[in-house]
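# Coordinates in review
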Amino acid sequence: MRAILLVFFLAVTTLPAQITYNRLLHAKEEPQNWLTYWGDYSAIRHRTLDQINTKNVKDLRLAWMYQTGRAGVNETVPLVIDGIMYATVGDGIAVAIDARSGRPLWSYHHNFPPGHATSGVNRGFGVLGERLFMVTPDSNLVALDIRTGRLIWQAEMAPYKAGTHYATLAPLVIKDKVLVGISGGEQAVRGFIDAYDAATGKRAWRFWTIPSPDEPGGDTWLADSWQRGGGPAWLTGTYDPQLNTTYWGIGNPGPDLYGGDRKGDNLYSCSLVALDPDTGKLKWHFQFTPHDLHDWDATETPMLLDLNWKGRVRKVVVQANRNAFFYVLDRETGEYLLGKPYARQDWAKELDSKGRPILMSTYEPTQDGTHTCPGLAGGNNWMATTYNPLTKLFYVSVQEACNIYYSAPPVYQEGKPYWGSVFRGPNNEETWGALKAIDPTTGETKWEFRYHQPSWAGNLSTSGGLIFSGDEDGYLMAFDAAGGKNLWKINTGVRLVTAPITFMVNGKQYITMPSGAAILTFTLPDELTAAKPAASK
Amino acid sequence: MKLPLLVAGLLIPVCAAQTNEGGLDQGKAIFRSNCAFCHGLTAQGGRGPSLISSNLLHTGSDEAIGNVVQHGIAGTTMPGFDLPKDDLAALMQFLHHLSGSHAAESKPPGDPDAGKLVYARSGCSNCHRIGNTGSIYGPELTRIGAARSLDFLRQSIVDPSADIADNYGGITVITKDGRKISGVRVNEDTFTVQIRKADQNFAFFDKSEAKEVIHETKSMMPAYTHLSATDLQNLIAYLYTLRGEQAAGADANKAGGIH
């Protein structure tokens, strides 16, 4: 009986996925799946799954390990759709995996033209209908058949030139369009966000993150510096369907550490931009770090929350910015509501009533080096944040570090790094990391769990009362969301640089975390899950 | 102590603008932002050796020096710097300029043979090793004369806490049953700590089983302030002669995941 039932389940779960836009809109109502990079359009990364919970998480064990063959940093966030995991590997490679066993189903190997860069990290897929969307290290967007991994179409985001543009992010699907952004903030590019037609791969619109002189904001750049102004969009945006607005964090201006040739605020670098997803038109912007000199991209998760704010519910966007301040903005208008440091910082005296920083003398990098906190990696970076609706807390992986920033005028050479000098860690100065639980209505830290080193791992929240996170030494960990107690850990052997996900197949909840060359998936022993009773009915 | 190693991988070449003084100013800018951190603003040494007196600078060809800059020196804390050709040439020009305008570090006064006796008498080999002789507890001294400036050697003897060698920071674990174990912190993460004790054996702990984990701010090496001026001078003279080849890959701390 049991065998027959299992076969029945398999037959159900391997039907071709049909991911309609409607399913993406209601991704939170499918907690058994993980349908977008952030898990849902608002990026709260919370799942209403509680089979794994504070009481039994201590028994969590490895279910399977898939070896991608690609060592090094693994920044992917896999999608899970009806029992199948779709993971990008990096280097133009992707794979589909049976999410229960770890057995591969198909793989895709991008066909790179001779001379193109073939290596680079990738952060994941977007999905619509029977198509998966992925960017490649040579700045192409590819659409793959979800059943076979076969290439359907390919769109060029930017003409290939070595040492200039590249692409890493997971595409964001909105309606019938695939939104992507370009990388290259250290390579003297001019950043953009593109939308492509999901059916044909034809470009529907482009938003230049750095305006030309005749556009609004063009006067925030000196002379022709805007042409190499950076402002990459290398982390996936979020989306509010009611407001029909998509929110994207924009990266650093270039050159990173020298501002003499780009005097001005350098819009829209280090800003959050609110765009119309149908046209790419700018609705509003908020600049966190005007005239940035520390590579403090504003690409961190722009999380959408509806918060009780001084007596009424407000639609807000929150972000733990790389500049070490936690921000709350009204997401209809861009109005600044709150800004408070969540990590050590000594560059801004305070933020004024509009949220603009009042600078300290430590802000400017110099020829002989200026010691400034936070470090170039920032208080937070691409490590995903999470929000738990039960505790009403925002959880962020924090880097507590400072750097010495050097500055010198760079000579622009196409295809060469465009930093404007260097940075380094000070000697004999303690650095550490932490998982912090922050009340988003006040910016106050409610609890923190200290890590030995600054962590590059993101967070996941579940209704099992758990926060899953990772650290730089390779520990995947589970914490009590309410009090911050560490309840489970495993040393995965290499630094964790992406965020865990959770999903459910055949009555069993799983936790997946990529680590180095491996994709690790954990579950509870059968006797502790509902799988056994369900199968023996 | 974990930062220098981590940051070595993040160093980025600077492309300074050409000025009227041409490569010299460019070289100076490159030196200041990439090299001065260890070798001092005037290249007369700090954590790293003086570049004015170094054998390499005086006897090596530009090509040999460039090779060291670009690839680093295995088994030492000298990382490689991936400088563009123009920047490397400008840096070389600046280094030659410095050598011409600063007095070279001369051989120190003192008697190396007498210094060797001071080394033996003071028990240095209980913690340090030269070649295959001595303890692995403290930093290896096989090529310390080539790796450090004279001022730095002196300071390391009389005030070792002023700049503790990378990966030789001290740590003390006090267990719940009251035992106190001190040693060099070999590795550490959020949950565990790995110690090398003075007897050269390892001791491993879960932080959860410790009452307290103390990161020592002072060096594990005692300050040798009681040495007479003559003994100190002789000891430095002896250390200066230690320019042996350290076995390639001898730096155990280069293993992956060690912080």
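In this text, all values refer to a predicted model and were calculated from it rather than measured experimentally.

Rules used throughout
- Residues numbered from 1 in each chain as written.
- Chains lettered and ligands numbered in written order.
- Predicted model: local features only at pLDDT ≥ 70, side-chain atom pairs only at ≥ 80, totals over all residues.
- Helix = DSSP H or I, 4+ residues; strand = E, 2+ residues; numbered from the N terminus.
- Buried ≥ 20, exposed ≤ 12 C-beta atoms within 10 Å, placed from the backbone.
- Contact = placed C-beta atoms within 7 Å.
- pLDDT = per-residue confidence, 0-100.
- Pairing = 2+ DSSP bridges.
- Axes fitted to C-alpha atoms, helices over the stretch in contact; angles between N-to-C directions.
- Parallel < 35°, antiparallel > 145°, perpendicular 65-115°, else oblique.
- Left-handed = near helix turned anticlockwise from the far one by under 90°.
- Nonpolar A, V, L, I, M, F, W, Y, C, P; charged D, E, K, R; others polar.
- Domains from an automatic or database assignment.
- Expected span 1.5 Å × (residues − 1).
- Arc of directions from axis to C-beta.
- Core = buried A, V, L, I, M, F, W, Y, C linked by C-beta atoms within 7 Å.

Bringing the overall build of chain B into the picture now. Scanning chain B from terminus to terminus reveals 10 helices and seven strands. Burial analysis of chain B (259 residues in total) assigns 34% to the buried set. Taking all contacts inside chain B whose residues are at least 6 apart in sequence as the whole, residues at least 24 apart take part in 63%.

Time to look at the confidence of the model for chain B. All names here are of chain B. Mean pLDDT over chain B stands at 82; residues scoring 70 or higher make up 81%. Mean pLDDT values for the elements of chain B range from 36 in helix H1 (residues 3-8) up to 97 in helix H7 (residues 112-121). Here residues 1-20 is a poorly scored stretch, pLDDT under 50, and it has 51 contacts once near neighbours within four places are set aside; other chains count. Here the predicted complex scores 0.88 on pTM and 0.80 on ipTM.

Now for the pairing of strand E27 (residues 393-400) of chain A. Residue and element names in this part refer to chain A. Of all eight residues in E27, eight are buried; the element is thus mostly enclosed. By the alternation rule, side chains of E27 split into Leu393, Tyr395, Ser397 and Gln399 and Phe394, Val396, Val398 and Glu400, which are all buried. In textbook terms, the turn of a hairpin is the stretch between consecutive antiparallel strands, and for strand E26 (residues 386-388) and E27 this stretch comprises four residues, one of which, Lys392, has a positive phi near 55°. As paired strands, E27 and strand E30 (residues 432-439) are joined by seven bridges and run antiparallel to one another. Across the sheet, the residue bridging to Val396 is Lys436, located in E30.

What follows covers the packing of helix H9 (residues 150-158) of chain B against helix H10 (residues 229-240) of chain B. Residue and element names in this part refer to chain B. Interhelical geometry of H9 versus H10 gives an angle of 125° and a closest axis separation of 10 Å. Here H9 lies oblique to H10, going by the angle between them. Where H9 crosses over H10, the handedness of that crossing is right-handed. Residue-level contacts link Leu150, Leu153, Arg154 and Ile157 of H9 to Leu232, Leu235, Ile236, Leu239 and Tyr240 of H10. Partitioning the contact of H9 with H10 into residue classes produces eight nonpolar, no polar and one charged.

What follows covers the sheet that holds strand E28 (residues 403-405) of chain A. Residue and element names in this part refer to chain A. Spatially, the three strands line up as an open sheet ordered E25-E28-E29, and their pairing is antiparallel. What marks the edges here is a single partner per strand, and that holds for strand E25 (370-372) and strand E29 (423-424). Sheet topology places E25 next to E28; three bridges connect them, and they run antiparallel. Along E28, the bridge assignment pairs Thr372 with Asn403.

A few words on the sheet that holds strand E5 (residues 93-98) of chain A. The strands making up a sheet associate through hydrogen bonds between their backbones, and the pairing can be parallel or antiparallel. Residue and element names in this part refer to chain A. Pairing within the open sheet is antiparallel, and its four strands lie in the order E3-E4-E5-E6. Edge positions in the sheet fall to strand E3 (79-81) and strand E6 (104-109), since each of these pairs with one other strand and no more. Averaged over all adjacent pairs, the angle separating strand axes in this sheet is 20°, with direction ignored.

Inspection of the secondary structure assignment puts Arg154(B) in helix H9. On a C-alpha basis, the gap between Arg154(B) and Leu235(B) in space is 9.1 Å, while along the polypeptide they are 81 residues apart.

A word on the domain arrangement of chain B. All names here are of chain B. Partitioning chain B into domains gives domain 1 (3-101), domain 2 (112-164 + 221-248) and domain 3 (170-215). With nine residues of domain 1 in contact, the opposing surface of domain 2 contributes nine residues. For the side of domain 1 that touches domain 2, a count of residues per class yields two nonpolar, six polar and one charged.

Take unusual backbone geometry next. All names here are of chain A. For the bond from Leu267 to Tyr268, the omega torsion is -5°, close enough to zero to count as cis. With respect to the element layout, Tyr268 can be found in the loop between strand E16 (245-249) and strand E17 (271-275). Along the chain, Cys373 connects to Pro374 via a cis peptide bond; the corresponding omega equals 5°. Relative to the elements of secondary structure, Pro374 occurs in the loop between E25 and E26. Unusually for a residue other than glycine, Asn506 sits at a positive phi of about 50°.

A word on H10(B). For H10(B), which comprises 12 residues, the first-to-last C-alpha distance of 16 Å matches the rise-based estimate of 16 Å (1.5 Å per residue) to within 8%. Buried within H10(B) are the following residues: Leu232(B), Asn234(B), Leu235(B), Ile236(B), Ala237(B), Tyr238(B), Leu239(B) and Tyr240(B).

It is worth spelling out H7(B) at this point. A turn of α-helix holds 3.6 residues, and therefore any two residues three or four places apart point the same way. Residues and elements named next belong to chain B. Listed in full, the buried residues belonging to H7 are Gly115, Val118 and Tyr119. One side of H7 carries all its buried residues, which in axial view fall inside an arc of 100°. In H7, the exposed residues that point more than 90 degrees away from the buried face are Asp113, Ala120 and Arg121. Where H7 is buried, its residues meet H10. Residue Gly123 follows H7 closely and has a positive phi angle near 75°.

For any two helices packed against each other, one specifies the crossing angle of their axes together with the interaxial distance. All names here are of chain B. Viewed as axis vectors pointing N to C, H7 and H10 meet at an angle of 100°, and their least axial separation amounts to 7 Å. When the axis of H7 is compared with that of H10, the two are roughly perpendicular. Of the residues in H10, those in contact with Pro112, Ala114, Gly115, Lys116, Val118 and Tyr119 of H7 are Asp231, Asn234, Leu235, Ala237 and Tyr238. The residue makeup of the contact of H7 with H10, split by class, is seven nonpolar, two polar and two charged.

Our focus in this paragraph is the nonpolar core. Formed by 164 residues in total, the largest nonpolar core has its most connected members in Tyr86(A), Val127(A), Leu141(A), Val173(A), Val178(A) and Leu91(B). For Leu91(B), the residues in contact, after removing those within four places along its chain, are Gly27(B), Ile30(B), Phe31(B), Val69(B) and Leu83(B). Cys127(B), Ile144(B), Met220(B) and Leu232(B) belong to the second-largest nonpolar core, a separate cluster that totals 28 residues.

As a further point, take the pairing of strand E35 (residues 486-491) of chain A. The side chains of a regular strand alternate between both faces of the sheet. Residues and elements named next belong to chain A. Of the strand pairs in this sheet, strand E34 (residues 475-480) and E35 are connected by five bridges, and their pairing is antiparallel. Bridged to Leu476 within E35 is Ile490. Counting the residues that bridge the hairpin from E34 to E35 gives five residues, and of these Gly484 lies at a positive phi of roughly 85°.

Okay, the environment of Lys416(A) next. Residues and elements named next belong to chain A. Inspection of the secondary structure assignment puts Lys416 in the loop between E28 and E29. Lys416 sits in the partly exposed class, given 17 other C-beta atoms within 10 Å. Measuring from C-alpha to C-alpha, the distance between Lys416 and Glu186 comes to 8.7 Å, with 230 residues separating the pair along the chain.

All names here are of chain A. Here Gln319 shows up in strand E20 (residues 312-320). Gln319 sits in the buried class, given 25 other C-beta atoms within 10 Å. In this structure the C-alpha to C-alpha distance between Gln319 and Pro302, which are 17 residues apart in sequence, comes to 5.3 Å. Here Gln319 is in contact with Gly249, Leu272, Glu300, Thr301, Pro302, Met303 and Tyr327, once residues within four sequence places are set aside.

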